[in-house]
Amino acid sequence: MGNISRRAALKAMLAGSAALAVSGVDATTMAKKKEMTGLEPLKGNIHHSVSKWCFGKYSLDDFCEICKEIGIESVELLNPDEWPVVQKHGLTVAMCQGAGLGIDCGFNDPSLHDELVASYEKVIPMVADAGLTNLICFSGKRNGLTDLQGWENCEKGLKRLMPLAEKHHVVLTMELLNSVGHKDYQCDHTVWGVELCRRVGSPNFKLLYDIYHMQIMEGNIIDTIRKYHTYFSHIHTAGCPGRAELDETQELYYPAIMKAVLDCGYKGFVGHEFVPKQEDAIASLEKSVRICDI
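Because the structure is a prediction, the values reported are computed rather than measured. (Residues numbered from 1 in each chain as written. Predicted model: local features only at pLDDT ≥ 70, side-chain atom pairs only at ≥ 80, totals over all residues. Heavy atoms only, no water.)

A. Examining the overall build of the protein more closely. Check the secondary structure of the protein and you find 12 helices and seven strands. Buried positions account for 53% of the 294 residues belonging to the protein. Long-range contacts, defined here as pairs at least 24 residues apart, represent 74% of the contacts in the protein between residues at least 6 apart. Here the protein displays about 12,700 Å² of accessible surface, and carbon together with sulfur accounts for 52% of that area. (Helix = DSSP H or I, 4+ residues; strand = E, 2+ residues; numbered from the N terminus. Buried < 20%, exposed > 50% of the residue type's maximum accessible area, 1.4 Å probe, protein only. Contact = heavy atoms within 4.5 Å. Areas by Shrake-Rupley, 256 points an atom, 1.4 Å probe, with all protein chains shown as cover.)

Below, the structure written as structure tokens:
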């Protein structure tokens, strides 16, 4: 294997061992199928992250090594016990999780505020102690609430946490999700989230702008990024339709989107949250990262 790049050898080994565990195929045979020449380093203009849940068959340790080889800087949407695993590989966790009650039960329900506040009060210092910044949160389902009621309820709950978040320099980040797949989710349009940011009135509350979800709900991705990027602490990608790779099979042209991200001065991470449809999931990840590497 003298003429195989370190990256290719690593990918071959990990992919081969995973396939062997699943199907009993000989690992050497799998490794030979994975041979490829090395690629140029990433340009470094975009800070790339990736959601581990989309690549579940790999151990976190192995996946971190794969990400390092590709040039990805972060593995995200991980719980506190997983953060040290990522950090020992020299990577960061651009979006933390581990607080709250899940997507459906969020800050728009006042009956949950005490429980939510207690949960976030526990995890916010943990985020800071780990040297991390962003912690995800959710609006919850609408459940018949008007926009105004949702804003008012979320504002009351979130403002209870802002002094602690500001003290620890942690940014609570509410994800924008489509309310088709996540039926009845309230924070499902950018302008709704932006208005909530204005009401909370703290630099430590921002939005996770998910391109896939917002393409489903409202489209107009580039113009939205240009108008509202200052309210975003994090961005997610995925192909639309289907949350697949960011390639020629889907309707979004990510090079232009990433150019808009750079042009507006966004300095945060771009987290890739697509579910690979191709057989070689790691090749799909590397290709998608390079499509966004402008």
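Now, onward.
B. Fine view of the packing of helix α3 (residues 60-70) against helix α12 (residues 281-291). In the contact formed by α3 and α12, the axes pass within 11 Å of each other and the chain directions differ by 40°. Of the two possible hands of crossing, α3 and α12 adopt the one that is right-handed. Only Ile 282, Leu 285, Glu 286 and Val 289 of α12 make contact with α3, whose side of the interface consists of Phe 63, Ile 66 and Ile 70. Its residues assigned to classes, the contact of α3 with α12 comprises six nonpolar, no polar and one charged. (Axes fitted to C-alpha atoms, helices over the stretch in contact; angles between N-to-C directions. Left-handed = near helix turned anticlockwise from the far one by under 90°. Nonpolar A, V, L, I, M, F, W, Y, C, P; charged D, E, K, R; others polar.)

C. Spotlight on helix α5 (residues 113-129). In this model, α5 (17 residues) spans 24 Å end to end at C-alpha, consistent with the 24 Å of a helix rising 1.5 Å per residue. Looking at α5, one finds that the buried residues are His 113, Leu 116, Val 117, Tyr 120, Val 123, Ile 124 and Val 127. Taken together, the buried residues of α5 touch α4 (83-87), β3 (134-137), α6 (147-159), α7 (162-168) and β4 (171-175). Immediately downstream of α5, the backbone of Gly 131 shows phi near 75°, a positive value. (Expected span 1.5 Å × (residues − 1).)

D. Geometry of the pairing of β4. Most of β4 sits inside the fold, with five of its five residues counted as buried. Residues of β4 alternate between two faces, with Val 171, Thr 173 and Glu 175 on one and Leu 172 and Met 174 on the opposite face, all of them buried. Two strands pair when backbone bridges link them, and β3 and β4 are joined in this way by four bridges, in the parallel orientation. The residue bridging Cys 137 from the neighbouring strand is Met 174, located in β4. Bridge count between β4 and strand β5 (residues 205-210): four bridges; the pairing is parallel. (Pairing = 2+ DSSP bridges.)

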